[in-house]
Structure formats: structure tokens, C-alpha cells
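Letter by letter, the chains look like this.
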Amino acid sequence: MILLQAGTGNWLMQAWPLLAMIGVLYFLFLRPQIKKQKDQVRFVDSLEKGKEVVTNSGMIGRINKIEGNVVSLQVDQKTFVRIMKSAISKEMTAALTPEQKTKEMEKEAEV
């Protein structure tokens, strides 16, 4: 009888460290990853002709045509590459370092 009384009141005291670890893992790992995935989906859905983008493999190009999930990138004057929308990682201006961004902005201001 004494063992039953000690066991029924202690289960919560023994489980709280495990629950705390699960909460910490959620806020440190899962939540930021879910947010990043949602941002990527929003970005891919907002792609439009003329944007300069970077692919997951590091290829830089300007979007020439979008046909469903296939994007035609212009990587040089007469060179086009067809890739999947999901292979585009970010917009070129987001991929630039702060120094490169200021140089790009200065170039655009001169034109």
C-alpha cells in the first residue's frame, strides 16, 4: 500500500524533466525549421519573370519563363537552363553580402 501511494504522486515529478526537454527541443529546433520551410514556400510561390535568383547548387540566373513547376533561367545571353521551382533557394539580392548590396544599389542609382 505504501508503494502505491508513493508511485501515484511521483509520476509527475519524474516526468517534468522529460517534458521540459521536449519543450526546449521544439523551440530550439523544430519551430525555426518549420518557419524556414514556410518562408521558402512563400518565396517559391512569389517567383515571377525577371527576378534574379540563386539555385540550391549555386547557379545564378534571371527567370525567363515559368511553366507550372518548371522555371527557365537565363544564365547567359543565349543560355537557358530549365530547373524545378523547388531548386531555387533565394533571390539574388538576398544572397549578396552587405558590401555587394551597397555596390549594386550604387550601380542602379547611376543608371
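Below is a short write-up of the structure.

Cut-offs used in this document
Residues numbered from 1 in each chain as written. Predicted model: local features only at pLDDT ≥ 70, side-chain atom pairs only at ≥ 80, totals over all residues. Heavy atoms only, no water. Core = buried A, V, L, I, M, F, W, Y, C linked by side-chain atoms within 4.5 Å. Buried < 20%, exposed > 50% of the residue type's maximum accessible area, 1.4 Å probe, protein only. Helix = DSSP H or I, 4+ residues; strand = E, 2+ residues; numbered from the N terminus. Contact = heavy atoms within 4.5 Å. Salt bridge = Lys/Arg side-chain N within 4 Å of Asp/Glu carboxyl O. Pairing = 2+ DSSP bridges. Axes fitted to C-alpha atoms, helices over the stretch in contact; angles between N-to-C directions. Polar contact = N/O pair within 3.5 Å; in protein donor to acceptor, adjacent residues only side chain to side chain. Phe/Tyr/Trp six-rings, centres within 6.5 Å; stacked < 30°, edge-to-face > 60°.

## Topic: the nonpolar core
Core analysis: the biggest nonpolar cluster contains 9 residues, these being Phe43, Val44, Leu47, Val53, Ile63, Val71, Leu73, Ile83 and Ile88. Broken down by secondary-structure element, the contributors of at least two residues to this core are helix H1 (2–45) and strand E3 (70–76). Apart from the residues within four sequence positions on either side, Ile83 is in contact with Thr55, Asn69, Val70, Val71, Leu73 and Ile88.

## Let's talk about the pattern of salt bridges
Following the criterion strictly, the structure yields 4 salt bridges and no others. One salt bridge connects Lys35 with Asp39, and the closest N-O pair in it is separated by 3.3 Å. With Lys35 and Asp39 both in helix H1 and 4 residues apart, this pair spans about one turn of that helix. The exposed category is assigned to Lys35, whose relative accessible area is 52%. What makes Asp39 partly exposed here is its relative accessible area of 33%. Each of Lys35, Asp39 and Arg42 takes part in a single network of salt bridges with overlapping partners.

## With respect to the sheet that holds strand E4 (residues 79–84)
Taken in spatial order, the 5 strands line up as E4-E3-E2-E1-E5 in an open sheet, and their pairing is antiparallel. The strands lining the two open edges of the sheet, one partner per strand, are E4 and strand E5 (88–91). Going from strand to strand, the sheet's axes swing by 45° on average, the running direction of each strand aside.

## Let's talk about the pairing of E3
In the sheet, strand E2 (residues 60–67) pairs with E3 via 5 bridges, with the strands oriented antiparallel. Bridge pairing links Lys65 to Ser72 in E3. The turn joining E2 and E3, which pair antiparallel and follow one another in sequence, is formed by 2 residues; a positive phi near 70° is taken by Gly68. In terms of strand pairing, E3 meets E4 through 6 bridges, oriented antiparallel. The residue bridging Asp76 from the neighbouring strand is Thr79, located in E4.

## Here's the deal with the side chain of Lys51
When you line up the elements, Lys51 lands in the loop between H1 and strand E1 (52–55). Under the relative-accessibility criterion, Lys51 is labelled buried at 18%. For Lys51, the side chain forms a polar contact with the main-chain oxygen of Ser46, separated by 3.4 Å. Residues contacting Lys51, with those up to four places away along its chain left out, are Ser46, Gly61, Arg62, Ile63 and Glu91.

## Regarding the packing of aromatic side chains
The relative placement of two aromatic rings is captured by the distance of their centres and the angle of their planes. Under the counting rule described, the total for this entry stands at 1 aromatic pair. Taking 5.1 Å as the distance between ring centres and 80° as the angle between the ring planes, the aromatic pair formed by Tyr26 and Phe27 counts as edge-to-face. With relative accessibility at 36%, the residue Tyr26 sits in the partly exposed group.

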